[in-house]
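Inside the fold
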Amino acid sequence: MPKIVYIFMGIMALMMVVTMGTVGALAFGYITPPGMHADAEPDLGDPQYLKLEPPLTVNFERGQRISYLQAEVEVMARTDQALEGVERHMPVIRNNLLMLFADQSFEALNTRAGREELRHASLEEINDILDERGIEGEVEAVYFTSFVMQ
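Let us look at the structure shown here.

Here we take up the pattern of salt bridges. Within the structure shown, the criterion is met by four salt bridges. Here R119 and E116 are joined by a salt bridge, their closest N and O atoms 3.1 Å apart. With R119 and E116 both in helix α5 (residues 112-132), this residue pair falls three residues apart, about one helical turn. On the accessibility criterion, R119 (24% relative accessible area) is partly exposed. E116 sits in the partly exposed class, given a relative accessible area of 34%. The salt bridge involving E132 is made with R133; its shortest N-O contact spans 3.3 Å. Look at R133 and you get partly exposed, because its relative accessible area is 36%.

Shown next, in the form of structure tokens:
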């Protein structure tokens, strides 16, 4: 075999070793591509809050008595699109939250776990409405800034 073939095979073998080493180093996180930092988290933006006004007030049965719940609710998002979507679809959101709140039992809401569950269900309800209407972004949290049951 001519000497050039051996040189060519050596160069190809060296290129394969370098390529495999680079791929392995990337895969195991020993090196990162330019402009990408392994430990950097994406900038989510500052939280923005929107108060649902007026407070939500619902009646529900408590044994033989009628009780009521009044809750002041604020939502938190990091995008203007999500908050604009909440404002634009406020009637639907308020309606669905009122229905959700009215379906709760007094005993469940009288516990922290029950209120946390309602908060989580409210978040899902709002994001479902935004998703159904094609709104970019989502609400990240729902907060009860006042929660009065009687």
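Let us now look at the packing of helix α2 (residues 80-88) against helix α3 (residues 90-102). Taken N-terminus to C-terminus, the directions of α2 and α3 make an angle of 75 degrees; their axes are 5 Å apart at the nearest point. Here α2 is positioned roughly perpendicular relative to α3, judged by the angle of their axes. When α2 is examined against α3, the residues V86, E87 and R88 are found in contact with a partner set consisting of M90, P91 and I93. Its residues assigned to classes, the contact of α2 with α3 shows four nonpolar, no polar and two charged.

Turning to the pairing of strand β2 (residues 65-77), a few remarks are in order. Summarising the sheet, strand β1 (residues 48-62) and β2 pair through twelve bridges and their orientation is antiparallel. Looking at β2, one finds that L50 is bridged to V75. Between β1 and β2, which pair antiparallel and follow one another directly, the connecting turn spans two residues, one of which, G63, has a positive phi of 70 degrees. Bridging between β2 and strand β3 (residues 139-149) involves nine bridges; their strand directions are antiparallel. Across the sheet, L69 pairs through a bridge with M149, a residue of β3.

What counts and how
- Residues numbered from 1 in each chain as written.
- Predicted model: local features only at pLDDT ≥ 70, side-chain atom pairs only at ≥ 80, totals over all residues.
- Heavy atoms only, no water.
- Salt bridge = Lys/Arg side-chain N within 4 Å of Asp/Glu carboxyl O.
- Helix = DSSP H or I, 4+ residues; strand = E, 2+ residues; numbered from the N terminus.
- Buried < 20%, exposed > 50% of the residue type's maximum accessible area, 1.4 Å probe, protein only.
- Axes fitted to C-alpha atoms, helices over the stretch in contact; angles between N-to-C directions.
- Parallel < 35°, antiparallel > 145°, perpendicular 65-115°, else oblique.
- Contact = heavy atoms within 4.5 Å.
- Nonpolar A, V, L, I, M, F, W, Y, C, P; charged D, E, K, R; others polar.
- Pairing = 2+ DSSP bridges.

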